[in-house]
Structure formats: structure tokens, C-alpha cells
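Understanding the architecture of this molecule
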Amino acid sequence: MAKREAASETITACKRCGTCCKKGGPAIHTEDLPMIESGKILLKHLFTLRRGEPAHDNLTREILPCATDIIKIKSRKESTACIFYDEQAMSCSIYENRPIECRVMKCWNTSEISSIYNRNRLTRYDIVGNVEGLWELVTDHQERCSFGSILAFADQIRESRRKNPVLEKEVRYRIQYDMEIRSLARDKGNLDDGMMEFLFGRPIMDTMKSLGINILYGCRSVDRQP
């Protein structure tokens, strides 16, 4: 009888199991902007999925290209858990200032999170678009290293039966540019290194590796992983 009662138990409130927090940080929406502007959530705590980047859609459960920027809270290193999740206390360290996705998330009723999931998401422009000089770096990087071009290069490399010096030069140019613009923002702009994934997304080198392409910057060849 006890087993039957447990199986039929209906969840109606958060049990602080941490399951949702361990799946990664939430996306940031316009309702969360005041917390960023006030410094309650810092830019070094965020990262950007750039327009065109393949990402998991929690509603459709498919990998789809991002229609625009998706700004998310980072996960812990070597873990998928949100950086603000305290695993020992099984609680959120910014609970009073948690993003709207966390506020409306109810594992026993996902209708509310579903209704806001794709609405009013913040972009990098919403956060740093009025910062003269910095926004120009972001837009220049997006134009030269668009995800569309990165994916196209990866496809061409995988399909190529022989080395293509022109293609390899284009790939290395983007890797070099991506590395240098991050260095420029850190050193000349005196910006925290943790902000780079927010400003420019994942490094191009890491992106190519995740697509199955091992590119050694500065070498004469592009190694294709099987």
C-alpha cells in the first residue's frame, strides 16, 4: 500500500531537489535587465549563444539554430549546474534576485515557463549597445565570425577530400581574429576575462572542435577528425 501511495503522489510545490538548477542556467529576459544594471548579476556570470548557433530548445527538444542572441547564466566548470546553485545547501545563492525563468519554473506545471520561454529575451545590444567602442567590437566580430560562416566552413572541411589552402586560410583568419579581439577587449578595454563569452560567445577554436574539426592555429594543415 505504501508503494502504491508513493507512486500516486502528486507534486504541487518545489521540493528543492535541484533538478532544474543542475540542468544549467536560465536564459535572460527583459524583466531581468534591472538585476544586470544594478550589478546583482554580473556580465562575467553570463554567456551568449550567438545568432545561428545550434542550441537545444527545451520546448521542442530539438537542436535548432538560434534566431537571435540568447543570453544565459553560466554553468559551473566541469558541471552542467547553474553557477548560482549551492549543491551543499541545495539552494540558489541569488534566490531573491533570480531571473524570471527561475521565478515561473514549476516542474509540476510547465505552462507558465512555456508561455515566456521564447518571449522578450535579452540580446547583447540590450545590455551593451550604448557602450561606445565596445559595441563596435561586438558587431565587427559578429560580421567577420558569424555562425553561418563557421558552420559553412565546418561542412566544407568535412566534405573535402583534399586540403584546400584557400579554405584553411579563411578558417585560420577567423580563429586569429577571434583570439585577438578577445585579447584587445581584455587588455585595452581592461575588461574581466570572464566577460569574453558574453561579448563574443564561445571561442571559434572551441566551436570548430565541437563540430568535429580539429584546427591547429599556426600550423600548415587542418586536421579532420573522423
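Predicted model only: the values in this text are computed from it and were never measured. (Residues numbered from 1 in each chain as written. Predicted model: local features only at pLDDT ≥ 70, side-chain atom pairs only at ≥ 80, totals over all residues. Heavy atoms only, no water.)

**Topic: the nonpolar core**
Proteins that are soluble and globular tend to have nonpolar side chains buried together. Ranked by size, the top nonpolar core spans 39 residues in total, and within it Ile36, Leu43, Leu46, Ile127, Val128, Phe198 and Leu199 carry the most contacts. Only α3 (33-37), β4 (70-73), α6 (124-128), α7 (134-144), α8 (147-159), α9 (165-187), α10 (196-200) and α11 (204-210) provide two or more residues apiece to this core. Looking at this core element by element, the count peaks at six residues for α9. Here Ile36 is in contact with Ile28, Ile41, Leu43, Leu46, Leu122 and Ile127, once residues within four sequence places are set aside. Counting residues in each nonpolar core, the second largest holds six residues, with Ala27, Phe47, Cys66 and Ile70 among its members. (Core = buried A, V, L, I, M, F, W, Y, C linked by side-chain atoms within 4.5 Å. Buried < 20%, exposed > 50% of the residue type's maximum accessible area, 1.4 Å probe, protein only. Helix = DSSP H or I, 4+ residues; strand = E, 2+ residues; numbered from the N terminus. Contact = heavy atoms within 4.5 Å.)

**A short note on the side chain of Asp57**
Looking at the secondary structure, you find Asp57 in strand β2 (residues 54-57). One buried charged residue, Asp57, remains without a salt bridge, the closest side chain of opposite sign being Arg121 at 5.7 Å. Apart from residues lying up to four places away in sequence, Asp57 is in contact with Glu62, Leu64, Tyr117 and Asn118. (Lys, Arg positive; Asp, Glu negative; His and termini not counted. Salt bridge = Lys/Arg side-chain N within 4 Å of Asp/Glu carboxyl O.)

**Focus on the environment of Leu43**
Position of Leu43 relative to the elements: it lies in the loop between α3 and β1 (46-49). The spacing of Leu43 and Leu199 is 156 residues in sequence and 8.8 Å in space, taken between C-alpha atoms. The residues contacting Leu43, other than those within four sequence positions of it, are Ile36, Ile127, Val128, Gly194, Met195 and Phe198.

**Describing the pairing of β2**
Relative to strand β3 (residues 62-65), β2 is paired through four bridges, and the arrangement is antiparallel. Of the residues in β3, the one forming a bridge with His56 is Ile63. Between β2 and the antiparallel strand that follows it, β3, lie four residues; Arg61 among them carries a positive phi value of about 60 degrees. (Pairing = 2+ DSSP bridges.)

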